[in-house]
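Report on the structure
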Amino acid sequence: MPPSSSSPATQSPPSFTLAAALRFALPTSLLLLLFYLLYSPKLLTTTTTNCHDLTASKPEQPVNHGYDLELKHIAFCIAASANLWDSRKEYIKLWWRPGETRGAVWLDHQVEIDYDDDRRNLPEIHISEDTSRFPYTNRQGHRSAIRISRIVSEALRLGLADVRWFVMGDDDTVFVVENVVRVLSRYDDKEFYYVGSSSESHLQNIFFSYSMAYGGGGFAISYPLAMELEKMQDRCIKRYPGLYGSDDRMQACMAELNVPLTKEPGFHQNDIYGNLLGLLSGHPVTPLVSLHHFDIIDPIFPGMERVESLKHLLESAKYDSASIIQQSICYDRKQEWSVLVSWGFAIQIMRGIISPRELESPTRTFINWYKVLDFTAYAFNTRPVAGHPCQQPFVFYVNSTKYDKSRRQIIGIYTYHDDPNPPCPWGIESPEKIHTIVVLKHEDPDRWQKAPRKDCCRVVPSSKEGIMYLWVGHCGQNEIIET
Ligand SMILES: *[C@@H]1O[C@H](CO)[C@@H](O)[C@H](O)[C@H]1NC(C)=O
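Let me sum up the structure you'll find in this document. These numbers were taken from a predicted model, which means no experiment stands behind them.

Moving on: the state of the cysteines. Under the definition given, this model contains 4 disulfides. Here Cys-236 engages in a disulfide with Cys-253; their sulfurs sit 2.1 Å apart. Its S-S torsion of about -105° marks the bond between Cys-236 and Cys-253 as left-handed, since a negative value means left-handed. Of this pair, Cys-236 sits in helix H10 (residues 223-238) while Cys-253 sits in helix H11 (residues 246-256), and the two are 17 residues apart along the sequence. In this model Cys-456 forms its disulfide with Cys-475; the gap between the sulfur atoms is 2.2 Å.

In structure tokens form, the structure reads like this:
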């Protein structure tokens, strides 16, 4: 949990300034107030952040939050290997923004950069320092773990100006960069922070540690902590020759530094196989920060290549990165259907009215790290995929998203995934008559500066055959999901 100091309130100007000003005669106080409003940088930032001018925020810029963090303050440190570089670099290109994102890739040895496209769209490449002097005794792992663990220290030694966070990731980690900023801006980068998340696999977390940030999901280390780590990391690594990977070595050093893991569940290691639909549709109410392990997970949109499918998801994220895959639940009472929205990704319609407490948890469309369909395998609640033909969801995947300037809203088109649902003898309307769902939503870049809450979802009456209209957004007064 974020510490209480992460509250944006701590960033507002000290109230005594205003109080003191108001004690002067009225004209003086007004002048002072005006001066303050015009020249206080903090107040100015707050004002811009709260401004809901949607036209001004295209293309989306990472916004300032509690700790005034911007993308340029983050150095991304990507661990890669030369032999997988040709395929893995495509994952990096998906999220890397030339001229905006900072940081570098660390490889074990030099690779050819043949294409102009690569030169322009990838971070600069560094070759890791030699680590052959370090002992490595783990029989299952690989000693490249030592090299990878030291990337943070090597990155620090590059001496990049104005860096507040180092964010580690693998070559197959895909970041939603605006959400990296949103999540890290909850924390004071002048303090020691180690931010990341566990594995989906309960057993993996037992073997490694629930206190460890998984490297593939990515994790962040604040600048002063990286300084402290750099001083002791080589000695620390020598004390743990038996550990498996780079991330457990990192955690061992964090433990020596007395720094616990600050858990942010938007970082996803994805230690699972199969279809991610259930996991993403049941995402916790927190920004999606990263995804990982795409070489072993099915493409997230059926019928697409892996890289293409991720590009398609990030396409929706361009319109409202803060809301990407966020869940909302509503019902079509006339038809007696339950509707589960994972914004920018997929919508599921199910026959019958299913309670939110059931719908909100992830369905096990995936299998666990040991390739078994086992409900005890996970570090969070899941629910089974419905076996009854009438209970199988009708899945609609996002087809395209656009922005309606005149109405200042985002219009998402979701189309039925052509995989016919089985016949059902229940006497209620079949969702198969719907071929398209249109979702209307306002951009909501500041949603994570407030208490976490799901968006409400409403079925908008429509006379168009085969098309369902949904509205998704802030819940109205007294608006709840009552079944
Ligand atoms: C979107 O829908 C059109 C028309 O049905 C189809 O040709 C296209 O392949 C779809 N695109 C995606 C990304 O699903």
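Once that is clear, we can look at helix H13 (residues 306-317). Its 12 residues give H13 an end-to-end C-alpha distance of 17 Å, which sits within 8% of 16 Å, the value for a rise of 1.5 Å per residue. Those residues of H13 not exposed but buried are Ser-309, Leu-310, His-312, Leu-313, Leu-314, Ser-316 and Ala-317. For H13, the elements touching its buried residues are helix H4 (85-95), strand E5 (174-175), strand E10 (290-291) and strand E15 (394-404).

Next up on the list: the site of the ligand. Inspection of the region around the ligand gives Met-304, His-312 and Asn-399 as its neighbouring residues. Across the complex, the protein chains shield 31% of the 360 Å² of accessible surface that the ligand would expose by itself.

Here we take up the pairing of strand E1 (residues 74-79). Most of E1 sits inside the fold, with 6 of its 6 residues counted as buried. Alternating residues of E1 divide into Ile-74, Phe-76 and Ile-78 and Ala-75, Cys-77 and Ala-79, and every residue in both groups is buried. In terms of strand pairing, E1 meets strand E4 (residues 165-170) through 6 bridges, oriented parallel. Bridging across to E4, Phe-76 finds its partner in Val-167. Sheet topology note: the E1/strand E2 (residues 102-107) ladder contains 5 bridges and is parallel. Note on E2: the bridge partner recorded for Cys-77 is Ala-104.

Attention now moves to the pattern of salt bridges. Counted according to the given criterion, the structure contains 29 salt bridges. A salt bridge links Arg-120 to Asp-116, with the nearest nitrogen and oxygen atoms 3.9 Å apart. Taken together, the residues span about one helical turn, with Arg-120 and Asp-116 both in helix H5 (residues 116-121) at a distance of 4 residues. Accessibility expressed as a relative area gives 52% for Arg-120, which makes it exposed. Exposure remark for Asp-116: the relative accessible area of 48% places this residue in the partly exposed category. Note that Glu-129 and Arg-157 form a salt bridge whose closest N and O atoms lie 3.3 Å from each other. Here Arg-157 lies in helix H7 (residues 151-157) and Glu-129 lies in the loop between strand E3 (124-127) and helix H6 (144-149), a separation of 28 residues in the sequence. The partly exposed category is assigned to Arg-157, whose relative accessible area is 40%. Each of Glu-129, Arg-133, Arg-150, Glu-154, Arg-157, Glu-230 and Asp-234 takes part in salt bridges that share partners, so that together they form one network.

Thresholds, definitions, all that
- Residues numbered from 1 in each chain as written.
- Predicted model: local features only at pLDDT ≥ 70, side-chain atom pairs only at ≥ 80, totals over all residues.
- Heavy atoms only, no water.
- Disulfide = S-S within 2.5 Å.
- Helix = DSSP H or I, 4+ residues; strand = E, 2+ residues; numbered from the N terminus.
- Expected span 1.5 Å × (residues − 1).
- Buried < 20%, exposed > 50% of the residue type's maximum accessible area, 1.4 Å probe, protein only.
- Contact = heavy atoms within 4.5 Å.
- Near = heavy atom within 4 Å.
- Areas by Shrake-Rupley, 256 points an atom, 1.4 Å probe, with all protein chains shown as cover.
- Pairing = 2+ DSSP bridges.
- Salt bridge = Lys/Arg side-chain N within 4 Å of Asp/Glu carboxyl O.

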